[in-house]
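Remarks on the overall topology
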Amino acid sequence: MMKPIPYGRQNITNEDINEVVKVLKSDFLTQGPKVKEFEEKFAEYIGAKYAVAVTNGTDALHLCNLALNVKPGDKVITSPITFVASANSVLFCGGEVDFVDINDKTYTIDLNKLEQKLKNSPKGTYSGIIPVDLAGYPVDVEELRKIADKYNLWIIEDACHAPGAYFTDSKKQKQYCGNGVYSDLQIFSFHPVKHIATGEGGMVTTNDEKLYKKLKLLSSHGITKDTDILNENHGAWYYEMHELGYNYRLSDINCALGISQLKRAGESVKRRNKIAEKYNKAFKNIEQINTPFVAGDVYHVYHAYHLYIIRTKKRKKLYNFLRENNIFTQVHYIPVHFQPYYKKFGWQKGDFPVAEEYYEEALSLPMYPTLTDEEQNFVIDKILEFFK
Ligand SMILES: Cc1ncc(COP(=O)(O)O)c(C=O)c1O
């Protein structure tokens, strides 16, 4: 019997372990040199000016909402097909969440429906939008920026699934997810199933120096030692608290692992694309399976394939069949407005029909760089057997 095959898993090498051990033997377990190094190297990888390492992706989202001054009464739009944290982060600040249905092909927020909603709402109804690069498919943030500017919205791009992905914009420039050319703030997660694993961990990227400074301040109790902004200075020990901040700092232990993982990140995305190609080919002639959308030449997209999501009307039966065969697929995601907590706000079944139909059919197949050919062949064979 094949050993259990999950939908995603981390890849920890001996080099990763050695890098972590070095930190454990060093003087700084946290607030040491590895944090800055990880921030700088990650910013370079993504193509953004600044990066702030934080405790996880959820805290990254919370910080962004704080930095953009989300407060009670503010309304923010996101996709119903995302992890709950994308929406929750607005509630943390007392804001209100609204949703716009997804595009039936890309499964990211439908920009036409977004524009319709904004057009039909009184001016100033919304403060911002949190688009999600679902599965690693980049949101067209160039188009989104135009809409956002028209309605005076900020953009926090939830790029948790998409480090290494890019789209080619109208000026034929490659725009890496999270590089901040079109969005204000971008966030990532380093949870073990993601592209880069640090245990728990996250990152915010931005090109805006003011926002960067604010994020740094808020991620460490709102405390500063920056002599340029201190009100007084009693000596080298002196610090001041200027904002009500949090302790969202990532440790040097986590950052050392992140730096080591980052070295393989580009290669890993390539491997994920190879795995996706093989799945695409294998399922090409199965009418009952819809493979992920692949963009053509006009709007060229390099997918990061955090997830490989197929759609089938036989989702539940397939899920159970694969499970019986030790293949553990997953469903990403249950629409956020279906969650009991969100139903309290009045959301109902039928509010976002495209997302809801997607939820009935979506299944994430095993997708991670160390998935062997033998394992992938086994997954494919079992799926072909199911549909025979
Ligand atoms: C789209 C999305 N947003 C936010 C998060 C939250 O990240 P974390 O688990 O690191 O808090 C995740 C990951 O779980 C995610 O997939």
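Shown above is the structure to which this text applies.
Bear in mind that the values here come from a model prediction, so they are computed numbers and not experimental data.

Structural notes on the overall build of the protein chain
Along its length, the protein chain carries 13 helices and 16 strands. What you see for the protein chain is a C-alpha radius of gyration of 21 Å, in line with the 21 Å of a compact globule of 388 residues. Dimensions along the principal axes, computed over C-alpha positions, put the protein chain at roughly 75 × 55 × 45 Å. Of all 388 residues assigned to the protein chain, the portion counted as buried reaches 57%. For the protein chain, the share of sequence-separated contacts (at least 6 apart) that also reach a separation of at least 24 residues comes to 74%. Charge-centre separation for the protein chain: the mean point of 49 positive side chains lies 4 Å from the mean point of 49 negative side chains.

Let's talk about the site of the ligand
Lining the immediate environment of the ligand, one finds 15 residues, of which G57, T58, D158, H161 and S189 sit closest. Between an oxygen atom of the ligand and a main-chain N or O atom of G57, the distance comes to 2.8 Å. The separation between an oxygen atom of the ligand and a polar side-chain atom of K194 is 3.2 Å. In isolation the ligand has 380 Å² of accessible area, and contact with the protein removes 92% of it. Considering each element in turn, the shell around the ligand owes the most residues, three residues, to helix α3 (residues 57–67). Looking at side-chain class alone, the shell around the ligand contains five nonpolar, eight polar and two charged residues.

Comments concerning the layout of surface pockets
Picture a little ball the size of a water molecule; that probe, rolled over the atoms, points out where space is still empty. What the largest pocket holds in volume is close to 710 Å³. Lining the largest pocket are 23 residues, with K216, L217, S219, S220 and I223 sitting closest to its centre. Broken down by element, the lining of the largest pocket gets its largest block of residues, five residues, from helix α7 (residues 209–218). For the lining of the largest pocket, the per-class residue count stands at nine nonpolar, six polar and eight charged.

Let's talk about the packing of helix α10 (residues 315–324) against helix α13 (residues 373–387)
Running from N to C, α10 and α13 cross one another at 130°; their axes reach a closest spacing of 10 Å. Classified by the angle between their axes, α10 and α13 sit oblique to one another. Our pair here, α10 against α13, has a crossing hand that is right-handed. When α10 is examined against α13, the residues K317, L318, F321 and L322 are found in contact with a partner set consisting of K382, I383, E385, F386 and F387. Of the residues that constitute the contact of α10 with α13, the class distribution is six nonpolar, no polar and three charged.

Details of the packing of aromatic side chains
Taken as a whole, this structure holds 25 aromatic pairs when the rule is applied. Aromatic side chains F99 and W347 sit 5.2 Å apart centroid to centroid with 70° between the ring planes, which places their arrangement in the edge-to-face category. With F99 in strand β4 (residues 96–99) and W347 in the loop between α11 (340–343) and α12 (353–361), the pair connects residues that are 248 residues apart, well separated along the chain. Each member of the pair F99 and W347 is classed as buried.

Overview of empty space enclosed by the protein
Here the structure, examined in full by the defined rule, presents two cavities of 30 Å³ or more. Reported here for the largest cavity is a volume of approximately 110 Å³. N11, H195, Q261, S268 and P369 are the residues nearest the centre of the largest cavity, which is lined by 13 residues in total. With three residues, helix α9 (residues 265–283) is the largest single contributor of residues to the lining of the largest cavity. When its residues are assigned to classes, the lining of the largest cavity shows four nonpolar, five polar and four charged. Considering only enclosed or pocket space, the second largest cavity measures out at about 90 Å³ in volume. Lining of the second largest cavity is provided by K105, T106, Y107, L134, A135, Y137, P292, F293, H303, L307 and I309. Classifying every residue of the lining of the second largest cavity by side-chain character gives eight nonpolar, two polar and one charged.

Quick look at the packing of α9 against α13
The N-to-C vectors of α9 and α13 enclose an angle of 30°; their axes lie 11 Å apart at closest approach. Comparing the axis directions of α9 and α13 gives the class roughly parallel. Helix-helix and strand crossings are classified by hand; for α9 and α13 the assignment is right-handed. Residues R271, I275, K278, Y279, A282 and F283 of α9 pack against D373, Q376, N377, V379, I380, I383 and L384 of α13.

A short note on the side chain of E356
Residue position: E356 is located in helix α12. Of the side chains with opposite charge, K349 lies nearest to the buried E356, which makes no salt bridge, at 6.2 Å. Looking at E356, its side chain comes within polar contact range of the side chain of H337, at 2.7 Å. Ignoring any residue separated from it by four or fewer positions in sequence, one finds E356 in contact with H337, F338, Q348, K349, G350 and D351.

Focus on the environment of Y126
Here Y126 lies in the loop between α5 (111–119) and β5 (128–130). Judged by its relative accessible area of 9%, Y126 is buried. Along the sequence, Y126 and E15 sit 111 residues apart, while their C-alpha atoms lie 47 Å from each other. If we ignore the near neighbours within four places in the chain, the residues touching Y126 are K75, V76, I77, D98, K117, L118, S121, N152 and L153. Polar contacts involving the side chain of Y126 include one to the side chain of D98, which spans 2.6 Å.

Rules used in this analysis
- Residues numbered from 1 in each chain as written.
- Predicted model: local features only at pLDDT ≥ 70, side-chain atom pairs only at ≥ 80, totals over all residues.
- Heavy atoms only, no water.
- Helix = DSSP H or I, 4+ residues; strand = E, 2+ residues; numbered from the N terminus.
- Rg over C-alpha atoms; globule rule 2.2 N^0.38 Å.
- Buried < 20%, exposed > 50% of the residue type's maximum accessible area, 1.4 Å probe, protein only.
- Contact = heavy atoms within 4.5 Å.
- Lys, Arg positive; Asp, Glu negative; His and termini not counted.
- Charge placed at Lys NZ, Arg CZ, Asp CG, Glu CD.
- Near = heavy atom within 4 Å.
- Polar contact = N/O pair within 3.5 Å; in protein donor to acceptor, adjacent residues only side chain to side chain.
- Areas by Shrake-Rupley, 256 points an atom, 1.4 Å probe, with all protein chains shown as cover.
- Nonpolar A, V, L, I, M, F, W, Y, C, P; charged D, E, K, R; others polar.
- 1 Å grid on protein atoms, 1.4 Å probe; cavity = no way out; pocket = protein on both sides within 12 Å on 5 of 7 lines; lining within 4 Å.
- Points joined across faces, edges and corners; volume = space filled by probe spheres on them.
- Axes fitted to C-alpha atoms, helices over the stretch in contact; angles between N-to-C directions.
- Parallel < 35°, antiparallel > 145°, perpendicular 65-115°, else oblique.
- Left-handed = near helix turned anticlockwise from the far one by under 90°.
- Phe/Tyr/Trp six-rings, centres within 6.5 Å; stacked < 30°, edge-to-face > 60°.
- Salt bridge = Lys/Arg side-chain N within 4 Å of Asp/Glu carboxyl O.

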